Amino acid sequence: KALDPFLTSLKSNNVVIEIMNDGTAPLSSVDIIATNTQTELASTSSSTTNVENVVILESNWDVGNINPKSSRYLTATVYVPGNLQQDTLRIPLSIQYYNAHGDLETISKIVDFYIRGLIELNMYDVEVIELSNTQMVVGELINEGNENALFGFVTIEPRGDSNIKTKTQFIDEIEIDSPVPFNIPLEFDGEPRYGEHDIKLTVRYKDSVRDETLYTHDATIFVKEPEKIQSDNSFMFIIPLIAAA
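Residues numbered from 1 in each chain as written. Predicted model: local features only at pLDDT ≥ 70, side-chain atom pairs only at ≥ 80, totals over all residues. Heavy atoms only, no water.

**Considering the overall build of the protein chain**
Where we set the bar: Secondary structure is summarised from DSSP: a helix means a run of H or I of at least four residues, a strand means a run of E of at least two, and numbering begins at the N terminus for each. Only protein chains enter the accessibility calculation, which uses a 1.4 Å probe; a residue whose area is less than 20% of its type maximum is buried, one above 50% is exposed, and one in between is partly exposed. All accessible areas in this document rest on Shrake-Rupley with a 1.4 Å probe, and a residue is counted as covered only by the protein chains that are shown.
Scanning the protein chain for helices and strands turns up 1 helix and 15 strands. The 245 residues of the protein chain split such that 36% are buried. Here the protein chain has roughly 14,800 Å² of accessible surface; of this, 48% comes from carbon and sulfur atoms.

As C-alpha cells, this is what we get:
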C-alpha cells in the first residue's frame, strides 16, 4: 500500500510504498518491478492501468528478505503531467520471491493513488486606496495551477507594532488563470496610526478533496492621513456687510 495515497499533478512526487509480509514464513530475494500494462485489456476492453500516462523514475527494487509480520519500503519519484487531475493512478507491481521451501513465486499487486490538481497561489499589487471615504487594503490573487481553489477567505493581520485590526473577507472560488481582487476596509485598535504598517495576509481555501490549505503573504502598506478640509470664512462676512449697507 502507499503510505500517502495522494499525488499532485504538474509536480514530481516522492512516493513511499509499503510491502508487508503478513505470513508466518520469511520471503527471500524479493524483487519488485513496476510494470506497464498498456497493452493488457480487462474484460471490459479498457486498459487495466493508466501508469503509461506518468513518468516513474525508479521502476525496479531489489528488496532482499522480508521477515514474517514485517515490512520493507520502496521509494520512487513520479511526475504527473497537468492533464491528469482528480483521477486515480494505478501502478501495477510484479513481485518475485523465494518462499520457505525455495520455490520461486510471482504475484501481482496494484497500488492506487489519487491525483489532486495543483493550486498555486500568488498575491500582488497590495496597497491602500480610498473608496467612498474609507481606506481599503486591496490586492489581487492569481491561481497558476490547474485546479480551482474553493471557499476562499482573505485575512489581514498586523505585524510588528502595527495596530491594524484583524479582519477577514470571503472571496469564494479562486479560478485558474483569472485574477481575483479583494478589498478589506482598514480599522484600527485605538487611534489610527498613519504611515507604514507591516501586515500579514492569509488566504484560506480548500481543494477538491476538501483539505484546507493556508497561503501567507507579508506586505508593507502606507496609510495616508486624511486631508483636513479648510472652511472658507469669506462667506461669513457677506451677511454683516449686506446688513450694514
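This is not the end of the story, as more comes after the structure.
**A look at the pattern of salt bridges**
Heads up, the condition is: Only one rule defines a salt bridge in this text: a Lys or Arg side-chain nitrogen within 4 Å of an Asp or Glu carboxyl oxygen.
One pass over the structure, following the stated rule, counts 10 salt bridges. With a shortest N-O distance of 4.0 Å, Lys1 and Glu18 are connected by a salt bridge. Separated by 17 residues along the polypeptide, Lys1 in the segment before strand S1 (6-8) and Glu18 in strand S2 (residues 11-21) bring together distant segments of the chain. The class for Lys1 is exposed, based on a relative accessible area of 63%. A salt bridge links Asp207 to Arg116; the nearest nitrogen and oxygen atoms lie 2.6 Å apart. Of this pair, Asp207 sits in the loop between strand S14 (195-206) and strand S15 (212-223) while Arg116 sits in strand S8 (residues 104-116), placing them 91 residues apart in sequence. Among the charged side chains, a network of salt bridges with common partners joins Arg116, Asp207 and Asp211.

**Here's the deal with the layout of surface pockets**
The criterion, for reference: A cavity here means a set of 1 Å grid points, computed over protein atoms only, where a 1.4 Å probe fits but cannot escape. A pocket is an open set with protein on both sides within 12 Å along at least 5 of 7 lines, and lining residues have an atom within 4 Å of a point. Grid points are joined across faces, edges and corners, and a volume is the space filled by probe spheres set on the points. When residue character is reported, Ala, Val, Leu, Ile, Met, Phe, Trp, Tyr, Cys and Pro are called nonpolar, Asp, Glu, Lys and Arg charged, and the others, Gly included, polar.
Its boundaries defined by the atoms lining it, the largest pocket holds a volume of some 270 Å³. Lining the largest pocket are 16 residues, with Glu18, Ile19, Met20, Ile95 and Lys109 positioned closest to its centre. Those elements giving two or more residues to the lining of the largest pocket turn out to be S2, strand S3 (27-34), strand S7 (87-98) and S8. Looking at the lining of the largest pocket element by element, the count peaks at 5 residues for S2. For the lining of the largest pocket, the class distribution of residues is 12 nonpolar, 1 polar and 3 charged.

**Thoughts on the packing of aromatic side chains**
For clarity, the threshold we go by: Here is the rule: rings of Phe, Tyr and Trp (six-membered ring for Trp) pair when centre to centre is within 6.5 Å. Planes less than 30 degrees apart are stacked, more than 60 are edge-to-face, and the remainder are tilted. Our definition puts a charge over a ring when NZ of Lys or CZ of Arg is within 6 Å of the ring centre and also within 35 degrees of the ring normal.
Per the stated rule, a full pass over the model turns up 2 aromatic pairs. A ring pair is formed by Phe153 and Phe170, whose centres lie 4.9 Å apart and whose planes are at 50°; its orientation type is tilted. Of the two residues, Phe153 sits in strand S11 (residues 149-158) while Phe170 sits in strand S12 (residues 167-174), which places them 17 residues apart along the sequence. By relative accessible area, Phe170 is classed as partly exposed at 47%. Taking the ring centre of Phe6 as reference, the NZ or CZ of Arg116 above it sits at 4.1 Å. Just above the ring of Phe153 sits the side chain of Arg204; from NZ or CZ to the centre is 4.6 Å.

**With respect to a nonpolar patch on the surface**
The line we're drawing: Without a salt bridge and with relative accessible area above 30%, a residue can belong to a patch; like charges are then joined within 9 Å and nonpolar side chains (Val, Leu, Ile, Met, Phe, Trp, Tyr) within 5 Å.
Together, Leu10, Val55, Leu57 and Tyr79 give the surface a local cluster of nonpolar side chains, amounting to about 360 Å² of exposed area. Looking at the element boundaries, Val55 is found in strand S4 (residues 55-56). Residue Val55 is classed as partly exposed on the basis of its relative accessible area of 44%.

Structural measurements only, silent on function.
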